[in-house]
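As a plain string of letters, each chain reads:
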Amino acid sequence: MGSILITFTNTGSSCRMSGFPGVDLKTNYGTQSVDRNKQEVGTPFTLKAGKRATANVVYPINNTGGSGVQGTALVVTPPNETHHVTVPVGVSLPVSDTDKGHLEVTPVFEEH
């Protein structure tokens, strides 16, 4: 499995954070929503000015030898927000009809 770390930096005043960011992966076949990892539960926390929080996107690595699906960008919306940011990425996902790994995002956690 591969992973992409998403970092949120608070550039304003202290705010409360909890839950999952919204994440979509733009690919050469369109846009795919990233599932929430239902096995992880985030704990609400106060993110102070200048501090950071993180979430992680986990994806299956294409080691099939084929061209796969090419991910070109992540569209990330912080929890409880409506404004998103698009971040370029370069990932290759396998094309498969089996469920041997899929895209998942973790809840946000306070960085220590």
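Reading guide: rules and limits
Residues numbered from 1 in each chain as written. Predicted model: local features only at pLDDT ≥ 70, side-chain atom pairs only at ≥ 80, totals over all residues. Heavy atoms only, no water. Helix = DSSP H or I, 4+ residues; strand = E, 2+ residues; numbered from the N terminus. Buried < 20%, exposed > 50% of the residue type's maximum accessible area, 1.4 Å probe, protein only. Contact = heavy atoms within 4.5 Å. 1 Å grid on protein atoms, 1.4 Å probe; cavity = no way out; pocket = protein on both sides within 12 Å on 5 of 7 lines; lining within 4 Å. Points joined across faces, edges and corners; volume = space filled by probe spheres on them.

(A) A look at the side chain of T77. By secondary structure assignment, the location of T77 is in strand β8 (residues 69-77). On the basis of relative accessibility, which here comes to 18%, the residue T77 falls in the buried class. Beyond its immediate sequence surroundings of up to four residues, T77 is in contact with P21, G22, T82, H83 and H84.

(B) Just the side chain of N37, in detail. Along the chain, the position of N37 falls in the loop between β5 (35-36) and β6 (45-47). Overall, the relative accessible area of 11% leaves N37 in the buried class. Those residues within four positions of N37 in sequence are excluded, and the remaining contacts are F20, E104 and V105.

(C) Local environment of empty space enclosed by the protein. The final tally for this structure, using the stated rule, is one cavity of 30 Å³ or more. Of the pockets and cavities examined, the largest cavity occupies roughly 30 Å³. If you go around the largest cavity, the residues you meet are I4, L25, V57, Y59, L74, V91, L93 and L103. Contributing elements (two or more residues each) for the lining of the largest cavity: β7 (52-59) and β9 (85-93).

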